[in-house]
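Summary of the model geometry
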Amino acid sequence: MGLGPLHAVSLADARKRATELREQLHHPSHPTDPLAARQDAKLAQQIGKHRNKTFEFCADAYISAHQNEWKNSKHAQQWANTLSQYAYPVFGNIPVGEIDEALILNVLTPIWATKTETAKRLRGRIESVLDWATFNKFRHGENPARWKGHLEHSLAKPSKVSKVKHHAAMPYQELPAFFKALRGRNGTGAKALELLILTGCRSGEIRGAVWSEIDLERKLWVIPANRMKMSQEHRVPLSEAAIDLLNALPRIEDTELVFPSSKPNTPQSDMTLTAVLRRCGNGHFTVHGFRSCFRDWLAETTNYPNEACELALAHKISNKVEAAYRRGDMLDKRFLMMNDWASYCGGGK
């Protein structure tokens with residue numbers, strides 16, 4: 001066991017210290033291994049440092065560790081904003097190991113009934129940060145932010161205090177007239193919205209589309225898994241109207257994007273399509289609502305199988321048995337479906 005460097009510990013002090021340590025080691029009633037005791041002290045010091053890690057420190061570390069896997073670049077900003085607005089003022093500077101149910105309820109209770117969706121997401125984010133802290137040995141024990149079997153006894157179910165607000169969707173009966181007016185507009189935003197309606201895709205899938213994903217000869221658009229909500233490749237059959245639209249679009253130099261913004265090699269913002277809706281006098285509807293419009297038309301006016309309808313929207317098959325055995329994506333049926341939809345919209349031949 002080392003007692004220190006020669007320049008700092010004299011021979012006499014070393015001999016004295018060695019004698020004391022031997023006495024500890026051979027104490028008749030309480031023998032103590034001095035080397036093990038020193039190691040335990042270092043470990044306790046390290047644990048103390050870990051226990052002093054604040055919730056804000058852990059939250060920042062969690063966001064940094066996970067932001068690259070989030071598809072939406074704004075996701076990290078949303079995490080930081082909600083935590084800094086609601087959680088940090090209450091326990092941001094408190095050691096993460098000392099956060100309990102009472103502190104979490106102090107954050108959630110004031111907004112649970114008035115800002116239910118925000119509060120629900122906030123609870124999940126706090127739970128994730130505390131799980132990360134537990135895994136990294138900064139805290140131990142059950143997660144006080146967990147819902148099942150815990151906070152569900154202290155807070156009302158979100159569905160009971162706030163009604164789910166669906167994306168405002170244009171009735172499918174009104175779509176042909178709107179689509180006719182939309183086709184008369186110029187600009188990449190209007191064309192992007194037109195393709196969104198014709199394909200039933202999400203806004204992010206349209207705005208991030210690149211020419212290498214699209215095979216105009218086969219009339220097929222293959223969206224890779226890393227751009228899909230469900231992280232599964234999605235094949236989109238393109239109607240004749242969609243092909244005509246794509247063929248008419250200009251190819252912009254130095255970018256693969258189908259609908260680039262004015263900034264070099266940058267997709268349009270999520271507000272671009274909304275702005276087109278507003279300029280058309282339909283700002284009370286949402287862009288995402290066109291997917292509901294498409295689904296309502298399928299259900300009310302066609303006999304296409306439900307499975308094909310859900311596959312067209314890239315929805316996850318809820319039936320686990322069916323999902324386990326399904327191998328195809330009913331592409332041939334969906335080609336017919338998308339051409340029928342385009343004809344209804346007024347864009348088909």
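Look up: the structure comes first, before these words.
Keep in mind it's a predicted model, so treat the numbers as computed, not measured.

1. Focus on the sheet that holds strand β1 (residues 214–215)
The three strands lie next to each other as β1-β2-β3, forming an open sheet whose pairing is antiparallel. In this open sheet, the two edge strands, each paired with only one partner strand, are β1 and β3 (234–237). Bridge count between strand β2 (residues 220–223) and β3: four bridges; the pairing is antiparallel. Looking at the pairing, Trp221 lines up with Val236 of β3. Of the strands in this sheet, β2 and β3 touch helix α16 (residues 331–345), which is tilted by about 45° from β3.

2. Notes on the nonpolar core
If you look at the biggest cluster of nonpolar residues, it comprises 55 residues, and the most contacted ones within it are Phe178, Leu193 and Ile197. Elements with a contribution of two residues or more to this core: α8 (175–183), α9 (188–199), β2, α11 (240–248), α12 (270–279), α13 (289–301), α14 (306–312) and α16. Of the residues forming this core, the biggest block, seven residues, is contributed by α9.

3. A short note on unusual backbone geometry
Its identity is not glycine, yet Lys137 carries a phi of approximately 65°, on the positive side. Turning to its location among the elements, Lys137 is positioned in the loop between α6 (116–135) and α7 (158–161). With a phi angle near 65°, Asp254 is a residue other than glycine that sits in the positive phi range. Of note, Asp254 is situated in the loop between α11 and α12.

4. Some details on the pattern of salt bridges
A complete count under the given rule lists 13 salt bridges for this structure. Linking Arg202 and Glu205 is a salt bridge whose minimum nitrogen-to-oxygen distance equals 2.9 Å. Of the two residues examined, Arg202 and Glu205, each falls in the buried class. Here Glu240 ties to Lys219 by a salt bridge, and the two come within 2.2 Å at their closest N and O atoms. Of this pair, Glu240 sits in helix α11 while Lys219 sits in the loop between β1 and β2, placing them 21 residues apart in sequence. A relative accessible area of 28% places Lys219 in the partly exposed class. When salt bridges with common partners are traced through the structure, they connect Glu117, Lys120 and Arg121 into a single cluster.

Thresholds, definitions, all that
- Residues numbered from 1 in each chain as written.
- Predicted model: local features only at pLDDT ≥ 70, side-chain atom pairs only at ≥ 80, totals over all residues.
- Heavy atoms only, no water.
- Pairing = 2+ DSSP bridges.
- Helix = DSSP H or I, 4+ residues; strand = E, 2+ residues; numbered from the N terminus.
- Contact = heavy atoms within 4.5 Å.
- Axes fitted to C-alpha atoms, helices over the stretch in contact; angles between N-to-C directions.
- Core = buried A, V, L, I, M, F, W, Y, C linked by side-chain atoms within 4.5 Å.
- Buried < 20%, exposed > 50% of the residue type's maximum accessible area, 1.4 Å probe, protein only.
- Salt bridge = Lys/Arg side-chain N within 4 Å of Asp/Glu carboxyl O.

Shape descriptors only; they carry no functional weight alone.
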